[in-house]
Structures are given as C-alpha cells and as structure tokens.
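Inside the fold
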Amino acid sequence: MMDTKRRNFLKSAAMAAAGSMVAGNMSLPVVQADQGVSDLPDGDGLSWNKAPCRFCGTGCHVQVGVEDGRVVAIAGDKAADVNKGLLCVKGYHVGGILYGKDRLTQPLLRKDGRLTEIEWDEAIEIIAKRIFDSPETFAFYGSGQWTIPEGYAAQKFMKGGLSNNHIDPNARLCMASAVTGFLATYGVDEPAGCYQDLDECDVLILWGNNPAEMHPVLFSRVTDRRSRGETVRIIDIGTRRTRTTDAANDYLEMKPHGDVAISLGIMHLLIENDNYDKSFVEKHCNFRGDEADTPTLSGEPISEDEFRKRIAKYTPERVEELSGVPADEIRMLADLFADRDIRITSLWCMGMNQHTMGTAINSLVHGVHLLSGHFGRPGDAPTSLTGQPSACGTVREVGTLSHALPGGRVIANPEHREQCEGFWNVRDGSINEVPGYHTVEMFERFTKPTAEGGDITTMLVQVTNPGQTLPNLNALFNDKKGLEDKFLIVSDVYPTATTALADLILPAAMWVEKNGMFGNSERRTQQWFKMVDPPGEARDDCWMTIAIARKLFEMGHEGMKDKDGDFIFAVKDDDGQEIPIWEFDRYYDTNVDKHLFEEYRLFTRMKHKNLAPYEEYVKARGLRWPVVEQEDGSWRETRFRFSGFDDPFVEEGQEFDFYHSTSNDGRAQIWFHEYQPPPEVPDDEYPMWLCTGRVLEHWHTGTMTRRLAPLNRAMPTAYVEMHLEDAKAANIRQGEVVTIESRRGVCDLPVWIDGRGRPPRGTVFVPFFDESKLINNVTLEAYDPFSKQPDYKKCAVRVVKKSAAKVSS
Ligand SMILES: Nc1nc2c(c(=O)[nH]1)N[C@H]1C(S)=C(S)[C@@H](COP(=O)(O)OP(=O)(O)OC[C@H]3O[C@@H](n4cnc5c(=O)[nH]c(N)nc54)[C@H](O)[C@@H]3O)O[C@H]1N2
Ligand SMILES: Nc1nc2c(c(=O)[nH]1)N[C@H]1C(S)=C(S)[C@@H](COP(=O)(O)OP(=O)(O)OC[C@H]3O[C@@H](n4cnc5c(=O)[nH]c(N)nc54)[C@H](O)[C@@H]3O)O[C@H]1N2
Ligand code: SF4
Ligand SMILES: [Mo]
C-alpha cells in the first residue's frame, strides 16, 4: 500500500495547485514544488517509473505511481533537469486522463449512419482494402503528439511502403514556420540554445507568447530567479495582456504583424547607430533578401549596403505607425541589443508561427540576434518554443511532414530519396518524387467531391482532433458530411468533434499504456515504458500502422516488402525467426519502439542530429542531441549548437561554425523582409480583430483535460475576452452571450470583461478548447507561402448582441 502520508501529500499538492487556480487571482503560473516525495521507494504493490508529461513541449518528467495495474499517483521528477521536481496543474493531473468514463474501448464502424462495434480484424481489413484499391488517394494525418516510433512507422509506411507522400501532422498548424525560419537562417532546423539560456539571461523578450500559461514550468524557471534575488528583465511584446504580462517589467502592446516592424526597427537602429556586432557579422554572417519575382526559402544574397538601403525606411517613427509600439520603446529595445555586456534570450511560439509572414518573422528575429551578436553564449539565444510534447522529436526530426524525410532530408532532393531508400532497403525509386499535400490542402481535397478535384478519398487520423482545430472548419472539415465516397478513419481515446464524422473509429492506447519516446523544445529526446494496460480493446497507434501494413503485405502489395522480400517492419528474434508483431497479443514480445528507434537512429547522423542508442535514454531523463559517443564509451549531449565551446561538430579552433549554412561557407543568414499587412484586417462590416489561443488548464481541444474534474471546474467554458469600453459602447454586459461572426462562420460565447487576458480596444480573444463552442468556424485559413502554416491569431469579426446590434471598435 502507498504510505498514507505520501498519498495525502500528493493529493493535497494537487488540490493546492487546483485550489489556487480556481481562485483565479494569482499572477504567476501555478507550480508546486514536490517536497513530500524525495526518494519514491517502491513497495507494498506500488511502483514508480519515469515518463515525460503527456502535455506541453516543455517536456517535464513525472514519476508515475502504479498500483494494481492503475496509475494512482503522479509526482514531479526531481532527477529531471527540465523541471527539477516541479509540475504545473496539468502535469499533476496527467494520470487522470487515462480514466475518463467514456474511453473508447472497441473499434466502431458506421453502418447506416449508426456506430456499430466491430472486431479489430475486420477494422484492419477494411482499412487495408481501401488503401489497396486506391493507394494514391489515401492520406495520413498525424501529430506532434505521436511518439517518435509511431511517427517513424507512419512515415516509413507511407513514403517507403506506399510511395505516397500525403502524410502531414497537426504540427503544420504549429511549428512549420519555425522550421522554415531555422532552415532559411541556419540551413538546419531546431534551436541552437537550450533551457539553460533562461537561467543565465539578463533580459528575456517574449515575442507574442504566453508562457505563464503555455509553458508554465519553464517560465517559472525564470521567475524563480527573482525570488533568489537575481535580476532578470522580462519584456512582453503581445497583442493582449496575459498572465505573462503580470510578471513582465515592460509590456509593449503591438498591432497584429507589429512584430515584423519591430524587428526591422531594431535592426535599422543597430545599423544606423553603428553599434551592431561587426566582428560577429564579418566572421559569421551573410545578408539575404527575397528575390523580386518568385521568392524562395533560400532567397538571394545581398550586400551589407543593400541591406542598409532596404532597412533605412524602418525608422522608429515608421515602426510606431506600423506596430503601435512607441518609437522610444523601439529605441529601448535597440539599445538593449547594442549592449554586448548583457545576455538576451528571445522566446516565441504561436504569435510568430501562426502568421502569413511566419517564415519571415522567424528569420527576422534570428537576424536581430545575429546582427547584435547576441548568439551562442549561454543566455544569448533566439529560441523558438514548441507547443506539443513531440513536435520536435516526431515531426521535425522524423520528418513526418509531406515534403520531408527522416533526419533533415527532403523529398525534393534525389540524393536524399536514394539514401533513404538505402536505409529502408526498399526498391530504388520507391519514394515518390512529388511532395504530398500539406494539411490545409489535404483537407480541402478530402472534403471536396472527387469530381471537383477532391482526390483524397480515405484518410487516417491519429492523435489529433482536426474537426475542432483546423481553421475555417466549415470549408475544411464540415463539408465531409454527405460525401458518400469519402472515408474517415479516426484513432482516438475519447469521442471527439472528429470522431463525430468518422466512418471508422479506432480505440487507442495512450501515454503510459504503451511504450513511447518524445522530443521536447530543447532537442531533448525522452523515453518511457508501458506501465499499465489500455482499457478494453484499445491498442497502440504504432501497432495499428504495422497491422495495416501487414495486411497489405498479405494482400500482395509490393511496397510492403523490402528488397529481400521481407515485411518492411519485420522484427526477428535471436534465432532469426520473425516475431508476429502485427498480432496485438504478440506486440510486446519484443520492444518494437527500440527496433524502430535503432533503425531511425541511422538517419539522425546525416545532418548532425545524432541520437544515442535506445538504452541510453532508458537511463536518462532525456538527452539533448547531437549526442556523441566519447572515447570512454559514454555519450555526451550538446547544450549549445554551433558554439565551439560545446558543439562537437564545430571545427577545431572555431568560435562559431554554422556547418549547415545555405551559402556553404559556415555562415548564418541575416534576412531582410519587407513588412506586409495581415491577410484580413477589420473594416466597416467586420470591425474587430479576433485572436485565438489557449488557457492554462486545458490541453487544446479539451478531450483529456475537460475529463479531469478539478481542471474542468476551474475553466468550465470558453468565452470571449472583450475590452470594457467596447462592451459599454455596444451595451454588452459581463457574462452576456454574444455571437462572434466572420465571413466564414459564427460562434456564440459568453463575454468576459477584464478577465484573465485583457485585449485592447478593437480586439477580442477566444480560446479554442471548448467543443461546444467551435471558434474555428470563424477563423481564417490563409497561410504562410513557405511553411503553409495558417494564421489563427488574427482575422476580422463583428460581435453581435443576441438582439442584433453591431459592436464597432
Ligand atoms: N495550457 C496549455 N499549454 C499549452 C497548450 C495548451 O493547449 N494548453 N498547447 C501547446 C501548444 S501545441 C502550443 S503551439 C503552445 C502555444 O503557446 P503560445 O503561443 O504561448 O499561446 P497562444 O495562446 O496560442 O498564443 C497567443 C498569443 O499570440 C499573440 N499574437 C497575436 N497576434 C500576434 C502577431 O501578429 N504577432 C505576434 N508575435 N504575436 C501575436 C498574442 O500576444 C497572444 O498572447 O502552447 C503549448 N502549451
Ligand atoms: N483557433 C485556433 N486553432 C488552433 C490553434 C490556435 O492557436 N487557435 N493552434 C493550432 C495548434 S498550434 C495545434 S498544435 C493544434 C492542436 O490540435 P489537435 O492536435 O487537433 O488537438 P488535441 O486536442 O491535442 O488533439 C489530440 C487528440 O488526440 C487524442 N489522444 C490523446 N492521446 C492519444 C493517443 O495516444 N492516441 C490517439 N490515437 N489519440 C490520442 C486526444 O483525445 C485528442 O482528441 O491546434 C491548432 N488549432
Ligand atoms: S509545463 Fe508542460 S510538460 Fe511541464 S507539467 Fe506542465 S503541461 Fe506538463
Ligand atoms: Mo501547437
């Protein structure tokens, strides 16, 4: 039995966390130190094991207490470098997500409009048959919440097996612009720095993100420094006040797309005042700009003079006009960057990625750091935060995007395809040379009649809920209704807005009901073991993919065989006998994750993203790649990439080396991009800005967190945040239900004035966690030309009183 004292402690820690949250008046994130459990000894039927938290990209580790086959306790993991024993409210409650009353436990097939229980054999056969009959019209929509082996299996199945590149993850909606920003700047994806930057910076600039609610434990790493007497200046740049603003020294309120003008303004001043870091720029950087005709991700080289010329017009006054941030504040930012004696870390997330200039603004902020030399020393870093627990690990590193291959390889490059075919031992030319459809296009083609160009007819969705999270749902999802020849297969753990339109529902095992690996925001790869059984007939997503592949193999699909005639997912025992991992009761006869990971690991050495052997991750609380073997046989992780003092791939004697430079000279690119206005701006008809986002207590569509009573009680419904003056002008009262209307759709919501977040006049904000109030009927699907990531952060709406009076800004 678990010792009562400890159980009570855990309970009260969770309650305290939830309690202070319910009160709703705290200004800092709810984080509880886990003082009660120091050594967590096993015993009396209770055993503890490590796992990364199921939720955000911070990548905290928890200790999971299991008793009688159930998760009974969760504790922060003191041995974890990321969180050092701390968790936020979602982390403390993560165990409960397994035990919602309505878990899916049996495959369900829609027959004559009604969902009917079927056996797994039948489900797998239906899927395999549809794919066999029309492999090129099949699409796989995945997730940054896939484990690394799940994503890798899906990737190999599609691109290696089916010669079909129509695989894309929800991370297209999330991290795609960060990826293109890194590629354009450094020629290789993912941040150079790590969380240690947050311990060492003097100034932290937040470019339109809200880490107090979205990366709470990470943010507490900074705010805790103040309680230790250290000084760190937090500058919050945003389009609305949030809980992060409460902890900030400066709040710069900008207009949507103001970030582009601000970054150009800082660079302008650094050049104008001649106080940029000349030595750093001369040694390590080139200047780059867009081609005049058709801009590409690699752009074209420009001279420093040309850069000066183009940026000259972004004076503080002009920037004030474009961004709404006073000219003096732009000067203040430029002066900070001009000071080489301080360390500056920038953080950003969806404000900069969900942006039709997403690639541009990502490159520009990297450029600010490069031009000023605030790069590559601990505390000096431009760092993009990931949202999902494995958007880095599974999407960016495994390359599950429609144009990518594992390990930083791309479909468009024949050499990359060839290498990849070699690693997979599949026939030459197996990988289709045409990139697949990105998310928005994939859904456009799925929800359009076949005759009108809707050439995706079968879609498999795993670990994501597009029926709630795609932009402009009426155009991209709801139109599936009534299309008889379209077949939607959804693997989930609970009924969702997506399963509502599914033709076949697959019940999934989740989190510690299966083995897994995630890769967090700071290049840290994490591993955990299955600890409890999934309920009923729920099964691993990775198993589903392998079982479908095996059925196709048995049906004679040539792509499911490698060059030696073996099944592409064959796992053999020590005697060379194949283990039938496609039979679920044999799936755990071996560690499938380990087999897939060791195969995937080969790819990671192609672009200096080296991973260690699986067993190293079993021992560690995650390791940050590149992880390189040392002479004594140990494995060393890397904290600061491209910096000579820490990165093993920097050439001997070099201070910095951008070894994947797009200009092949070891240099990073400082970009110039012209400011462009947002894709839709308020006008007479739709006079207000709508911004959408998240809240502390809920994970995305709320499928998991809304089933946890303490979290749901604390945040029971979506709402629309409004400015008092806007509400007064329209005679709208606190709590009154209004309709938010755009050119695309409507959504009814209660009004929250002076709520948790406070938008300026003319702006409203709505969180998207509430399935009963779908704000994505209203949002816009316009996307960045390079990353194809849509902009959920701004569109034009009107707020209509139920009695139909219009609110103007
Ligand atoms: N509690 C909780 N935490 C989460 C998640 C969750 O669902 N719940 N989800 C995770 C995921 S996947 C993600 S992607 C992250 C998201 O984390 P964040 O990006 O921090 O959060 P959001 O609420 O999506 O973003 C809202 C912010 O966008 C900014 N913004 C609006 N327009 C602009 C603009 O034009 N430019 C700039 N620069 N900023 C603008 C606004 O200032 C606003 O505060 O959170 C992760 N963490
Ligand atoms: N309006 C608006 N919309 C947005 C955004 C925004 O800022 N504003 N942000 C976008 C961003 S950044 C993101 S990341 C997306 C997130 O969007 P989604 O990924 O669609 O949202 P989630 O709720 O995380 O969906 C995960 C689903 O997987 C299920 N699940 C949990 N564990 C498992 C498992 O192990 N196996 C299976 N098969 N299923 C499982 C959950 O029940 C849930 O239904 O939303 C995007 N949409
Ligand atoms: S900060 Fe993120 S990873 Fe850490 S406990 Fe909270 S939700 Fe989990
Ligand atoms: Mo995200």
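Labelled according to an unreviewed UniProt entry, the chain appears under the name Nitrate reductase, originating from Allorhodopirellula solitaria. Listed under Subcellular location (unreviewed entry) in UniProt, the entry text for the chain is "Secreted". Per UniProt, the chain carries the Catalytic activity (unreviewed entry) text "2 Fe(II)-[cytochrome] + nitrate + 2 H(+) = 2 Fe(III)-[cytochrome] + nitrite + H2O".

Some details on the sheet that holds strand β4 (residues 70–76)
Strand pairing in a sheet relies on backbone hydrogen bonds, with the paired strands running either antiparallel or parallel. Taking strand neighbours across the sheet as the criterion, the three strands line up as β2-β3-β4 in an open arrangement whose pairing is antiparallel. Only two strands of the sheet have a single neighbouring strand rather than two, namely β2 (46–52) and β4. Sheet twist, expressed as the average angle between the axes of neighbouring strands with direction ignored, equals 30°. As defined by bridge partners, strand β3 (residues 61–67) adjoins β4 across six bridges and the pair is classed as antiparallel. Looking across to β4, one finds that Gln63 is bridged to Ala75.

Some points on the site of ligand 3
Around ligand 3, the neighbouring residues are Cys53, Phe55, Cys56, Thr58, Gly59, Cys60, Leu87, Cys88, Lys90, Gly91, Pro216 and Val217. Mapped onto the shell around ligand 3, the elements with two or more residues apiece are β5 (87–88), α2 (89–92) and α8 (216–227). Tallied by class, the residues present in the shell around ligand 3 amount to eight nonpolar, three polar and one charged.

Points about the packing of helix α10 (residues 258–272) against helix α14 (residues 327–338)
When two helices pack together, their arrangement is captured by the angle between the axes and the distance separating the axes. At a closest axis distance of 9 Å, the pairing of α10 and α14 adopts a crossing angle of 60°. On the basis of the axis angle, α10 is oblique to α14. As for how α10 packs across α14, the hand of that crossing is right-handed. Within the contact between the two elements, α10 uses Ile262, Gly265, Ile266, Leu269 and Leu270 and α14 uses Ile330, Arg331, Leu333, Ala334, Phe337 and Ala338. In terms of residue class, the contact of α10 with α14 is built from nine nonpolar, one polar and one charged.

Here's the deal with the UniProt feature "binding site: substrate" (unreviewed entry) in the chain
Residues annotated in UniProt with the feature "binding site: substrate" (unreviewed entry) correspond here to Phe768. One can find Phe768 in the loop between β32 (763–767) and β33 (795–801). Judged by its relative accessible area of 12%, Phe768 falls in the buried class. Beyond its immediate sequence surroundings of up to four residues, Phe768 is in contact with Gln468, Thr469, Gly693, Arg694, His700, Thr701 and Ile775.

Thoughts on the side chain of Arg103
When you line up the elements, Arg103 lands in the loop between α2 and β6 (108–111). The contact partners of Arg103, leaving out residues within four places of it in the chain, are Leu98, Val493, Tyr494, Ala508, Ala509, Met510, Glu513, Pro535 and Ala538.

Examining the pairing of β32
Within β32, five of the five residues are buried, leaving the element largely enclosed by the surrounding structure. As judged from the five bridges shared by strand β28 (residues 688–693) and β32, these two strands associate in the parallel manner. The residue of β32 that forms the bridge with Leu690 is Val764.

Examining the environment of Gly536
Position of Gly536 relative to the elements: it lies in the loop between β23 (524–528) and α22 (541–554). Each C-alpha atom, one on Gly536 and one on Arg601, is 33 Å from the other, the two residues being 65 residues apart in sequence.

Thresholds, definitions, all that
- Residues numbered from 1 in each chain as written.
- Chains lettered and ligands numbered in written order.
- Predicted model: local features only at pLDDT ≥ 70, side-chain atom pairs only at ≥ 80, totals over all residues.
- Heavy atoms only, no water.
- UniProt positions renumbered as here; feature names shortened; annotations may be inferred.
- Pairing = 2+ DSSP bridges.
- Helix = DSSP H or I, 4+ residues; strand = E, 2+ residues; numbered from the N terminus.
- Axes fitted to C-alpha atoms, helices over the stretch in contact; angles between N-to-C directions.
- Near = heavy atom within 4 Å.
- Nonpolar A, V, L, I, M, F, W, Y, C, P; charged D, E, K, R; others polar.
- Parallel < 35°, antiparallel > 145°, perpendicular 65-115°, else oblique.
- Left-handed = near helix turned anticlockwise from the far one by under 90°.
- Contact = heavy atoms within 4.5 Å.
- Buried < 20%, exposed > 50% of the residue type's maximum accessible area, 1.4 Å probe, protein only.

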